[in-house]
Amino acid sequence: MPAVLGRASTEWLKTPGRCSRSELLVLDERAPVETNSGELALMHRFVVCCAIGVVFALASPDKGTLAQVDPKATAFAAVDRNSTEIGKVGDAIFSFAELGMQEFETAKLCADILADMGYEVETGLSGIPTALLATYGSGQPVIAIHVEYDAVPNGSQAAGVTERKELVAGAPGHAEGHNTNAAVWIGAAFAIKDAIEKHNLAGTIKLFSAPAEEQIISRPYFVRDGHFTDVDAAFHAHVGSSLATSYGVRQYAAMSVEYEFSGKTAHAGSSPWTGVSAVDAVKLMDLSWDVLREHLPPTQRSHSVITHGGIQPNVVPDYAKIWFYFRESTYEGARHLYERAHQVAQGAATMTGATFEEHVLAAVWPTRDNRTVAEVVQSNIELVGMPDWTAEEQALARRIQRAAEVEESGLRTGTSSLSEATQSTSSNDSGDITWTVPHGRITFPANVPNVPFHHWAAAIAEATSIAHKGSVAGAKVLAGAVIDLLTNPELLLEAQETFAQEVSGSAYRSLLPAGQEPPIDLNAEEMAKHRELMKAHYQNLPIRFR
Ligand SMILES: [Zn+2]
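Read on for an overview of the structure.

Parameters and conventions
- Residues numbered from 1 in each chain as written.
- Predicted model: local features only at pLDDT ≥ 70, side-chain atom pairs only at ≥ 80, totals over all residues.
- Axes fitted to C-alpha atoms, helices over the stretch in contact; angles between N-to-C directions.
- Helix = DSSP H or I, 4+ residues; strand = E, 2+ residues; numbered from the N terminus.
- Parallel < 35°, antiparallel > 145°, perpendicular 65-115°, else oblique.
- Left-handed = near helix turned anticlockwise from the far one by under 90°.
- Contact = placed C-beta atoms within 7 Å.
- Pairing = 2+ DSSP bridges.
- Core = buried A, V, L, I, M, F, W, Y, C linked by C-beta atoms within 7 Å.
- Buried ≥ 20, exposed ≤ 12 C-beta atoms within 10 Å, placed from the backbone.
- Nonpolar A, V, L, I, M, F, W, Y, C, P; charged D, E, K, R; others polar.

## Digging into the packing of helix α6 (residues 83–96) against helix α15 (residues 465–487)
Then, number 1: Contact geometry for α6 and α15: axes closest at 9 Å, N-to-C directions at 115°. Taken together, the axis directions place α6 and α15 in an arrangement best described as roughly perpendicular. For α6 against α15, the interelement crossing comes out right-handed. Along the contact surface, α6 presents Ser 83, Ile 86, Gly 87 and Gly 90, while α15 presents Ala 467, His 468, Ser 471, Val 472 and Ala 475.

Given below as C-alpha cells:
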C-alpha cells in the first residue's frame, strides 16, 4: 500500500511542529509495516534519509534541512542567521536613549525594519505618537507580543566602560536595557514571519510597542481602546540576567496621580494675609498623607515628589504641584488609596483656601502570568538554553558588578526552572493585558546579575556582546513559544481554560478615569535638553533582516 506510506511521509513533512525527536527516529521502523515489495526499499531509504537529515539538522539548527519540516527550526535558523542584525537593533536604540513618550527615533527605526520585513505598521496607536502596532499573517489564532523601549533619566553611560562615563552629561540612557527588549521583539518578529511564510501557518501576529513603561503609561490605553479584544494570547519579553519565566501574580497595581493647587499671589512681606499659598496646600497634602500611612494596610506603597514648589519666597505662590504613586497588591487596593488621596487633597485645599485639580497620569493592574503559557515558555527555555559566555564576557560582568558594588558572581550559565511568582511591589503597565488574555513573560539574559536597574552600571553591558547574545536567546524562546501556540490549538485552548479559572472572581475594568487621554508631552522638555548633543552618538548602521 504505497499510498499509506506516501500519506504518512507527506503528513510528516507538512505537519508543522509535531515531530519530536523520538517520533522521527521510529519512522523507518513504522514505514515498512505499511508498504510492500518493490517500492518498499525505495521509500524505506527515503524515510531513513529524511530521518537522518532531520537528526543532523537538530544537531545543527542553522543548517537548512530541518527548516523544511519544522517551523520552530525555521524560526531558530532565522534568529541565528540575523544575530548580527538583532545586536544592531539593540545598539542603535541604546544610542537613541529616549525617555518615555519621546521614543521618536526608536519608533521610526522599529517601524522601518518591521515594514521592510513585510509587517503592516500602524503608528500613533491610542493617540500615542511613539506607539506602534505591526501586524503579519491572517486568521486565527491572534498572538500579541508587546515590549517597552524607553530609557531612564541620567542613565547616559558609555557601553563596555566600567567606570562612570556619561556619553552626554545629564542625558538619559538605557540603564536597565529596554533597548534589548526591542531587539528581542524584532528578532522574534522576523523569525515568526519566516516560519509562517515558509510553512504556510495560519494565524496573526500583532506586535505592540509600549511607550513610557518607566511611567507605566501606555498599555492600559491599548486594552481600553479595544486592541486586545481579538487577541487569543500575549507575550512580554523583558531584559534580566536569567532565562526565566513564572506564573501567578507577579507585580503590584499602581496609580500615578498629579495634584495641581491654585491660590492667589501676594507680597509675602507687606501683605501675606491677602494671598493664598498653593505651596502650603501641597505641604499639607504631603504631610497629611504621611500621617495617614499608619492607618493604611501594610501592603501599600506610596511615594511623592513636589514637582512645582513656588519660585521665590517673597511672592506668595499661586501655583504648586505634587505627584504621587499609589501602589497596592490588587486593583481594589490601588483604587482605595487613590480615593483616600482625593479626600486628603480636598482637606489641604479647604485648610488653605486653595483649589485643586487632579490628573491621573497612569493606572495599571498588577501583572500576572498564565500557568499554561508559562509552561510553553519554559519548554522553549529548556530547548534554547543559556548563551555560551566567553571568559572575556564573564570578566566584564565581574568588573561591572564591582563597579556597582554588588556580589561579583559573573554571568549565569544555567536556565531557571519554572516557578510560581512572588508578588513584588514594583509595577509594569502590561498588567491590564495580563488580566485580559492568557499571558506569558520571558526574562532574557541581556544584563548582569545583581546590578540594580536604573544604576548607571546597569547600562554598561547593554550594547556589548552580553546584550547581543542574551537578545538572541530571548528571541528564540519568544519565537518558539509563539509558534507552539500557533501550531497547537489544543494548547491555546488549555491556556484559555486555565486563564479563565485563574482570573475568576476578578472582572477586569480599567483603572483609568473615563475619557482619560495619554500624557503625550511627558518628558518632552527633558528630552529636548539633551537630544542635539546625543545625536553625535547615534548608531545608524543599515539593518536588514534576511
Ligand atoms: Zn523595565
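## A short note on the sheet that holds strand β12 (residues 419–420)
The strands making up a sheet are joined through hydrogen bonds of the backbone, oriented either antiparallel or parallel.
Then, number 1: Taken in spatial order, the 3 strands make up an open sheet running β11-β6-β12, and their pairing is mixed. Sheet topology places β11 (368–369) and β12 at the edges, where each strand pairs with a single neighbour.
Then, number 2: Note that strand β6 (residues 246–249) and β11 share 2 bridges and pair antiparallel. Note on β11: the bridge partner recorded for Val 249 is Arg 368.

## Quick notes on the sheet that holds strand β8 (residues 301–308)
Then, number 1: Spatially, β8-β9-β7-β10 is the arrangement adopted by the 4 strands of the open sheet, whose pairing is antiparallel. A strand with exactly one partner marks an edge of an open sheet, and here the two such strands are β8 and β10 (355–364). With strand direction ignored, the average angle separating the axes of adjacent strands in the sheet is 15°.
Then, number 2: Two elements, β8 and strand β9 (residues 319–328), share 7 bridges in a ladder whose sense is antiparallel. Bridge pairing in β9 links Val 305 to Trp 323.
Then, number 3: Its contacts with the sheet place helix α10 (residues 278–292) against β7 (253–262), β8, β9 and β10, and it is angled at close to 20° to β9.

## Focus: the environment of Leu 207
Then, number 1: Residue position: Leu 207 is located in strand β4 (residues 203–209).
Then, number 2: With 28 residues separating them in the primary sequence, Leu 207 and Phe 235 have C-alpha atoms 9.7 Å apart.

## A look at the nonpolar core
What tends to happen in soluble globular proteins is that the nonpolar side chains get buried as a cluster.
Then, number 1: Membership of the largest hydrophobic core comes to 111 residues, with the highest contact counts inside it found for Ala 188, Ile 192, Leu 478 and Val 482.
Then, number 2: The greatest single-element share of this core, amounting to 13 residues, is contributed by α15.
Then, number 3: Setting aside anything within four residues of it in sequence, one finds Ile 192 in contact with Ala 75, Ile 205, Ala 479, Val 482 and Ile 483.
Then, number 4: Listed in part, the 41 residues of the second largest apolar core include Ile 216, Met 255, Tyr 259 and Val 279.

## Comments concerning the packing of α10 against helix α11 (residues 331–352)
Then, number 1: Contact pair α10 / α11: the axes reach a minimum separation of 9 Å and the direction vectors enclose 135°. Regarding the angle of α10 to α11, the classification is oblique. Every pair of crossing elements has a handedness; the one defined by α10 and α11 is right-handed. Residues Asp 280, Ala 281, Leu 284, Met 285, Ser 288, Trp 289 and Leu 292 of α10 lie in contact with α11, whose contacting residues are Arg 340, Ala 341, Val 344, Ala 345, Gly 347, Ala 348, Ala 349, Met 351 and Thr 352.
Then, number 2: Counted by class, the contact of α10 with α11 contains 11 nonpolar, 3 polar and 2 charged residues.

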